[in-house]
Amino acid sequence: MKDPSHLDQLEESLKKVLMEFGCRIISETLEECNSILEESVKRRMYWQIKDRTQRTLLTSLGTVRFTHTRFIHKESKERAYLLDQILELPAHSRLSVEARAALMEEAAQSSYRKAGESLLEPVSKETVMRTVHRLRFPKRKAEENGRKREVSRLYVEADEDHISLQFHEKKGDVKRWKGHGDNSRIVKLVNVHEGVEEKGRRKGKSWRRHGNT
């Protein structure tokens, strides 16, 4: 701390050091996990080492680089990065689960561009859009007795909002005339829920079904 009157400089410098240290911890931990897989006796019964490569992953703390080994199955000849499978990392994804969650949370509150800028190492709004569009929700399991659940009261909220599409079918197909594009749309929204419930100091709706109509 060179100047006690500049506490903000100390905070900024310390935050940078802690983030870098966190990235080192994650990187070294993943390297160790990969070494455990290579040395595993059980793994050697089914998989043999093919090669090793470096992988880069953008986390909420910053960029992490680690070595992951590609294995080949002795019988089926399937090739796989076993560490990636354990971590549930998609083959071509460069974002960690925490980073993807941060992007989607910010995108829900603001825009794709601001969400991309919210990470320590910004990503493009196209990356945020692809992350959001790949989101899948598990199907709700049917009731064990086959009967639909009954509720005493159901609330229906309907509204509409103006949005600007980034494109119609493909990028660059929006037509503009005197600064105005033909990408403006009115989206109708319908939310169906069972009411409001307390969650600490915040109130939240107990959703049963929601979406666009």
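Keep in mind that this is a model prediction, so the values were computed, not measured.

**Considering the sheet that holds strand S2 (residues 62-73)**
Across the sheet, which stays open at both edges, the three strands sit in the order S1-S2-S3 with antiparallel pairing between neighbours. Strands at the two margins of the open sheet, each flanked by one partner only, are strand S1 (47-59) and strand S3 (79-81). Averaged over neighbouring strand pairs, the angle between their axes works out to 25° when direction is ignored. Where helix H1 (residues 7-39) meets the sheet, its contacts fall on S1 and S2, and the angle it forms with S2 comes to roughly 10°.

**What about the pairing of S2?**
When you tally the buried positions in S2, you get 10 out of 12 residues, the bulk of the element. In the sheet, S1 pairs with S2 via 12 bridges, with the strands oriented antiparallel. Following the sheet pairing, Gln-54 is matched in S2 by Thr-67. As consecutive antiparallel partners, S1 and S2 are separated by two residues. Looking at chain direction, S2 and S3 are connected through three bridges and run antiparallel. Its bridge partner being in S3, Ile-72 is matched across the sheet by Arg-79. Where S2 folds back onto S3 in an antiparallel hairpin, the turn is made up of five residues, including Lys-77, whose phi is positive at roughly 65°.

**Description of the nonpolar core**
Counting 12 residues, the largest nonpolar core is built from Cys-23, Leu-30, Leu-37, Trp-47, Leu-57, Val-64, Phe-66, Phe-71, Ala-80, Leu-82, Leu-83 and Leu-89. Secondary structure elements with two or more residues in this core: H1, S1, S2 and helix H3 (82-87). Apart from the residues lying within four places of it in its own chain, the contact partners of Val-64 are Cys-23, Ile-26, Ser-27, Leu-30, Arg-55, Thr-56, Leu-57 and Thr-59.

**Re helix H6 (residues 125-133)**
Here H6 has its buried residues at Thr-127, Val-128, Met-129 and Thr-131. Close packing links the buried residues of H6 with helix H4 (97-109) and helix H5 (112-117).

**A short note on the packing of H4 against H6**
Contact geometry of H4 with H6 gives a least axis separation of 10 Å together with a crossing angle of 95°. What the angle tells us is that H4 and H6 run roughly perpendicular. Residues Arg-100, Leu-103, Met-104 and Ala-107 of H4 form the contact with H6, whose participating residues are Val-128, Thr-131 and Val-132. Of the residues in the contact of H4 with H6, the class split is five nonpolar, one polar and one charged.

**Remarks on the side chain of Thr-59**
Turning to its location among the elements, Thr-59 is positioned in strand S1. At 3.1 Å, the side chain of Thr-59 forms a polar contact with the backbone nitrogen of Leu-61. Only 2.8 Å separates the side chain of Thr-59 from the backbone oxygen of Gly-62, close enough to count as a polar contact. Apart from the residues within four sequence positions on either side, Thr-59 is in contact with Ile-26, Val-64, Ser-96 and Ala-99.

**Side note on the environment of Leu-18**
When you line up the elements, Leu-18 lands in helix H1. Between the C-alpha atoms of Leu-18 and Leu-61, which are 43 residues apart in sequence, the distance is 8.9 Å.

**Considerations on H1**
Between its first and last C-alpha atoms H1 spans 48 Å; for 33 residues at 1.5 Å apiece the expected length is 48 Å, and the two agree. If you check which residues of H1 are buried, you get Gly-22, Cys-23, Ser-27, Leu-30, Asn-34, Leu-37 and Glu-38. Where H1 is buried, its residues meet helix H2 (41-46), S1, S2 and H3.

**Some points on the confidence of the model for the protein chain**
For the protein chain, the mean per-residue pLDDT works out to 79, and 81% of the residues sit at or above 70. Here strand S8 (residues 202-212) is the element of the protein chain with the lowest mean pLDDT, 49, and S3 is the one with the highest, 93. Ignoring residues within four places in sequence, the model shows residues 207-213, a span with pLDDT below 50, making 20 contacts including any to other chains.

Parameters at a glance
Residues numbered from 1 in each chain as written. Predicted model: local features only at pLDDT ≥ 70, side-chain atom pairs only at ≥ 80, totals over all residues. Heavy atoms only, no water. Pairing = 2+ DSSP bridges. Helix = DSSP H or I, 4+ residues; strand = E, 2+ residues; numbered from the N terminus. Axes fitted to C-alpha atoms, helices over the stretch in contact; angles between N-to-C directions. Contact = heavy atoms within 4.5 Å. Buried < 20%, exposed > 50% of the residue type's maximum accessible area, 1.4 Å probe, protein only. Core = buried A, V, L, I, M, F, W, Y, C linked by side-chain atoms within 4.5 Å. Parallel < 35°, antiparallel > 145°, perpendicular 65-115°, else oblique. Nonpolar A, V, L, I, M, F, W, Y, C, P; charged D, E, K, R; others polar. Polar contact = N/O pair within 3.5 Å; in protein donor to acceptor, adjacent residues only side chain to side chain. Expected span 1.5 Å × (residues − 1). pLDDT = per-residue confidence, 0-100.

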